[in-house]
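Secondary and tertiary structure notes
Read off the chains here:
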Amino acid sequence: MIEEMRLRELGVIADATLPMGPGFTAITGETGAGKTMVVTGLGLLLGARADSGVVRSGASAAAVEGVWLVDADGAAAERVREAGGDLDPVGHDRAELLLGRTLSAEGRSRATVGGRSAPVGVLTDLADLLVAVHGQSDQLRLRSGAAQRDALDRYAGQNVAVPLAEYRSAYERLRALDAELDELVQRRDERVREAEQLRADLAAIDAAAPQPGEDVQLAARAELLANVEELREAAALAHEALASEQDAPDASTLVAEARRALERVSDADPAVATMAEQAAEISYRIVDLAGAVAGYLADLDETGPAELAAVEERRSVLAGLIRAHGSLDAALTLAAAGGDRLAELDDDDSRVERLSAERAQLVERLDAAAGALTAARREAADRLAADVTEELHALALPDARVEVQVSETPASAAGRDEIAILLAPHPGAAPRPVSKGASGGELSRVMLAIEVVIAATDPVPTFVFDEVDAGIGGAAAIEVGRRLARLAETSQVIVVTHLAQVAAFATNHLSVVKQNDGSVTQSSVRRLVGAEREAEMARLLSGLADSDAALTHARELLALAGPAH
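Residues numbered from 1 in each chain as written. Predicted model: local features only at pLDDT ≥ 70, side-chain atom pairs only at ≥ 80, totals over all residues. Heavy atoms only, no water.

Residue placement: Q492 occurs in strand β14 (residues 492–496). You can call Q492 buried: its relative accessible area is 3%. A polar contact of 2.8 Å, which involves the side chain of Q492, links it to the backbone oxygen of G21. When near neighbours in sequence (up to four residues on either side) are disregarded, Q492 contacts M1, I2, M20, G21, G23, P461, T462 and F463. (Helix = DSSP H or I, 4+ residues; strand = E, 2+ residues; numbered from the N terminus. Buried < 20%, exposed > 50% of the residue type's maximum accessible area, 1.4 Å probe, protein only. Polar contact = N/O pair within 3.5 Å; in protein donor to acceptor, adjacent residues only side chain to side chain. Contact = heavy atoms within 4.5 Å.)

Written out as structure tokens, the structure reads:
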């Protein structure tokens, strides 16, 4: 449950703390005081889309913080730990969770979960585990068939969840299989052409038998062969300078003479001995270099025009592969993987046959799952109709009757069932879909009745109702308040209301108070007890907080609600 929520710079609220706690909390206040900002702030904490327009005028950012009390080992706590957040233990099985959301005037949003920064999506995940928020938009949403189907499925619990999971598994596989078959059939000619081209490409690559890096090696060899005479002349000159076969002095002879001259006097000075050693090393290196140049010359002597022609011919073959595939590496990659692709393409007919056989089996499986799902929904529909009808009798619609129809519709991921909730508000009236015939007051009570009934099978820790009493008053409002109080016996209930008949049943009454200092309107929130609460109830009843008649009526309502309220 929500223990406390703090709002800063949100709408007209500069800074307000809302103490919540267990039971039934009613939030009231004058029009424009900022009651809606309470629900807006809660929505931000639950991952709702951020709108910078809710940042208070003149402020740089709005901030919302909420303190939740959760099961220490529950799904919500586990999700917080997955996100890297921390929980503060409270007793042996409960923990305190801090959630936060900031929204800048420029529209940037930041979320914190358990004191750690987290994606807003984590707040959305937690919302599904912690809170059910219902406002007037949710009443309108109840007019949609999808929302009515979801309500029935939630009520049915595992009886529908199990066949629905089986149905969805078969449905998704069938969609994927149909897409695969469509591609095979529709692209048959294209795939035949692809197979023919791939077969030709693989044959050409196989005939050429290229080696990795061969094109680079051949380019270097061709460059050498094209310049063989210049290379031969340079190597011959170098060899002559290093180790001449003529009488002219060469590098080897000159360095040997230098070494011998230094060695003759090396005993006289260690420095000269060092130089003699260096000269000897140079002499060895010259001999090695001369040998290498001689070997290089010998290799050049073995080259000729025939080799250059052979190299250019091979390069031409490889160039054809490179033009066809972009690079030699791409051709080699195709050669390595093309066989598998060709086998796949050549297997099209067999694949179509296999997939068609699988599809026939899958259709049977889907039909069976759809039948089981429909049966489960119809059984649950009868029970839901009876339970909601009973709830409506307790909500000042004593003669109302609800029917939940399950009819066939084209297959979708949700099944083959169309769900329609019908309402006959009084005897003799034909049941009509709530999407068409229910008034605003009737729709709000149907929604509340459904939520109360569903709570018995799909409990939610906290319910938040924004103007759930829209369109009703008098005795009906009293019954709504009484029913919300009963719901609060098992769940935390937070209600934004403008009706004293509803607020009277609250165990915690908060008032959003508007103040005006002449320049900026601000709102604050305070808990009402005693005379302050009676005055607020009187204001809700008559618009006058000090009216004796309204105060008397307010006390009567509080007495009707009982001493606990």
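On to the sheet that holds strand β11 (residues 415–424). Ordered by their spatial adjacency, 3 strands build an open sheet running β10-β11-β12, and the pairing between neighbours is antiparallel. Looking along the sheet, the strands with just one partner apiece sit at the ends: β10 (401–412) and β12 (432–433). Bridging between β11 and β12 involves 2 bridges; their strand directions are antiparallel. Across the sheet, residue L423 finds its bridge partner in β12, namely R432. Against the sheet, helix α5 (residues 145–156) touches β10 and β11, its axis set at about 95° to β11. The strands touched by helix α6 (residues 158–186) within the sheet are β10 and β11, with β10 carrying the most contacts at an inclination of about 25°. (Pairing = 2+ DSSP bridges. Axes fitted to C-alpha atoms, helices over the stretch in contact; angles between N-to-C directions.)

The next thing to look at is the packing of helix α9 (residues 228–242) against helix α11 (residues 270–301). Where α9 contacts α11, the axes come no closer than 9 Å and their chain directions differ by 150°. Taken together, α9 and α11 sit at an angle that is classed as roughly antiparallel. Judged by the sense of rotation from one axis to the other, the crossing of α9 with α11 is left-handed. Only I286, L289, A290, V293, A294, Y296, L297, L300 and D301 of α11 make contact with α9, whose side of the interface consists of V228, L231, R232, A235, A236, A238, H239 and L242. Here the residues of the contact of α9 with α11 are counted per class, giving 14 nonpolar, 1 polar and 2 charged. (Parallel < 35°, antiparallel > 145°, perpendicular 65-115°, else oblique. Left-handed = near helix turned anticlockwise from the far one by under 90°. Nonpolar A, V, L, I, M, F, W, Y, C, P; charged D, E, K, R; others polar.)

With 73 residues, the main nonpolar core has F24, L392, V404, F465 and L484 as its most contacted residues. Ranked by residue count, the leading element in this core is helix α14 (residues 348–394), at 12 residues. The residues contacting F24, other than those within four sequence positions of it, are G481, L484, A485, A488, V493, V495, V502, F505, A506, T507 and N508. Listed in part, the 47 residues of the second largest apolar core include A16, L45, V496 and V512. (Core = buried A, V, L, I, M, F, W, Y, C linked by side-chain atoms within 4.5 Å.)

Another point: the UniProt feature "coiled-coil region" (unreviewed entry) in the protein chain. Feature annotation in UniProt assigns "coiled-coil region" (unreviewed entry) to the following positions: residues 167–248 and 345–372. For residues 167–248, the end-to-end C-alpha separation is 99 Å, with 84% helix and 0% strand making up the annotated structure. (UniProt positions renumbered as here; feature names shortened; annotations may be inferred.)

With that settled, consider the side chain of R533. Its place among the elements puts R533 in helix α18 (residues 530–542). Within the buried set, R533 has no salt-bridge partner at all; the shortest N-O distance to an opposite charge, 8.9 Å, is to E534. (Lys, Arg positive; Asp, Glu negative; His and termini not counted. Salt bridge = Lys/Arg side-chain N within 4 Å of Asp/Glu carboxyl O.)

With that settled, consider helix α1 (residues 35–45). Within α1, 9 of the 11 residues are buried, which leaves it mostly tucked inside the rest of the structure. For α1, the complete set of buried residues consists of K35, M37, V38, V39, G41, L42, G43, L44 and L45. Following α1 by one or two positions, G47 adopts a phi angle in the positive range, close to 90°.

A few words on the pairing of strand β7 (residues 109–113). For strand β6 (residues 94–104) and β7, the ladder comprises 5 bridges, and the chain directions are antiparallel. Residue pairing in the sheet places L99 in a bridge with V113 of β7. With antiparallel pairing between neighbouring strands as the criterion, β6 and β7 make up a hairpin whose turn holds 4 residues, including G107 at a positive phi of roughly 100°. Pairing of β7 with strand β8 (residues 116–118) involves 3 bridges; the strand directions are antiparallel. Residue pairing for β8: V113 is matched across the bridge by R116.

Two numbers describe a pair of aromatic rings. These are the distance of the centres and the angle of the planes. Within this structure, the stated rule accounts for 2 aromatic pairs. Between Y167 and Y171, the aromatic rings sit 5.8 Å apart at their centres with planes inclined by 20°, giving stacked as the arrangement. Highlighted residues: Y167 and Y171, both in helix α6, separated by 4 residues, approximately one helical turn. Accessibility classification places Y167 together with Y171 in one group, the buried group. (Phe/Tyr/Trp six-rings, centres within 6.5 Å; stacked < 30°, edge-to-face > 60°.)

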